[in-house]
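Per-entry structural report
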Amino acid sequence: MSQQAQPTARPDEAAAEPETPHLDFEGTTPYEDYVKADVLTHLQQTLSDDPAEMVFLVTTQVMELWFTVIVHEWETAAHALRADDVPTAVAALKRSVRELEALNASWRPLGQLTPAQFNSYRGALGEGSGFQSAMYRRLEFLLGDKSASMLVPHRGAPRVHAELEKALHEPSLYDEVLRLLARRGHAVPESVLRRDVSRRYEPSPEVEAVWTALYSGDEHDELARLGEALTDVAELVWRWRNDHLVATRRAMGAKAGTGGSAGVAWLEKRAQKYVFPELWTARSHV
């Protein structure tokens, strides 16, 4: 049985090339209008002549952008929890997990700095320190790690100070979680629900018992899955703090940090703390 001959392409079709992208724009490109790449790539004003300073500066700026995205995700999750919309909250938390992974990877280029390399431009930083990052402070406030004293460095920037003060007095992400648990009938104590949200969250045995009960039940329950999403976040925050500690210890040993911080000693203390503490301690009782 003979096969039918396939139709052959016309010469003009065979020679045709893919359509050329649109190259001629009035003014800047739509990509530039949206991304503002020209602005981003001209924000790097180094303070020393050392070529290694550029990676330090750019990596720090990238960290600030990731802080901004993660704060957005956690605020989205908090608003959803306030509206009893757990799926939207979990989706935002899961996105933030991938973003935290990218943020944590930022330590890799910095983690290879030798003391000599870091010291070659460290003096140019003066009193500048990542401890002074306003966006990172908002991130910490959302985790429930609050302190009014952390607003002091930002008194000279009214807009930033106002945003931080607002965040200080708003419920944290975890506060919204615990309020949701109470609305769903779980025995979160009034002392936790009515606590001063501008202060650092302290663990509660009763909240631990709530998580123990949830984890002892159906693992596919909506609230148990919310707990696991929060635990993923908490684990990566802990890894962030530890990676920061290791990178700092490698670059500067036990010397005092920039901006008057205690350097490694302060980071070691931070690395010992977990956020959403009862999600960790409850596991011992399941």
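What comes next concerns the included structure. None of the values given here were measured: they were computed from a predicted structure. (Residues numbered from 1 in each chain as written. Predicted model: local features only at pLDDT ≥ 70, side-chain atom pairs only at ≥ 80, totals over all residues. Heavy atoms only, no water.)

With respect to empty space enclosed by the protein
If a probe the size of a water molecule is rolled over the atoms, the empty space left behind becomes visible. In the structure shown here, the tally under the stated rule is one cavity of 30 Å³ or more. Estimates place the volume of the largest cavity at around 50 Å³. As for the largest cavity, its lining consists of F67, L100, L103, Y136, L139, E140, V237 and W240. The set of elements that each furnish at least two residues to the lining of the largest cavity consists of helix 5 (86–105), helix 8 (134–142) and helix 13 (222–252). Ranked by residue count, the leading element in the lining of the largest cavity is helix 8, at three residues. The residue makeup of the lining of the largest cavity, split by class, is seven nonpolar, no polar and one charged. (1 Å grid on protein atoms, 1.4 Å probe; cavity = no way out; pocket = protein on both sides within 12 Å on 5 of 7 lines; lining within 4 Å. Points joined across faces, edges and corners; volume = space filled by probe spheres on them. Helix = DSSP H or I, 4+ residues; strand = E, 2+ residues; numbered from the N terminus. Nonpolar A, V, L, I, M, F, W, Y, C, P; charged D, E, K, R; others polar.)

A closer look at the packing of aromatic side chains
In total, this model carries twelve aromatic pairs according to the counting rule given. With a centroid separation of 5.4 Å and an interplanar angle of 50°, the aromatic rings of F56 and Y121 are classed as tilted. Here Y121 lies in helix 7 (residues 115–122) and F56 lies in helix 4 (residues 53–82), a separation of 65 residues in the sequence. You'll find F56 and Y121 in the same group, each marked buried. A centroid spacing of 5.8 Å and a plane angle of 5° characterise the contact between W238 and Y274, whose relative ring orientation is stacked. Here the residue W238 occupies a position in helix 13, and Y274 occupies one in the loop between helix 14 (264–271) and helix 15 (277–281), the gap between them amounting to 36 residues. (Phe/Tyr/Trp six-rings, centres within 6.5 Å; stacked < 30°, edge-to-face > 60°. Buried < 20%, exposed > 50% of the residue type's maximum accessible area, 1.4 Å probe, protein only.)

Focus: the pattern of salt bridges
This model, assessed by the stated rule, comprises 16 salt bridges. For R241, the salt bridge identified is with E140, shortest N-O distance 3.0 Å. Of this pair, R241 sits in helix 13 while E140 sits in helix 8; the two residues are 101 residues apart in sequence, bridging distant segments of the chain. Neither residue differs from the other here; R241 and E140 are each classed as buried. Residues joined in a network through salt bridges with shared partners are E75, R138, R159 and E163. (Salt bridge = Lys/Arg side-chain N within 4 Å of Asp/Glu carboxyl O.)

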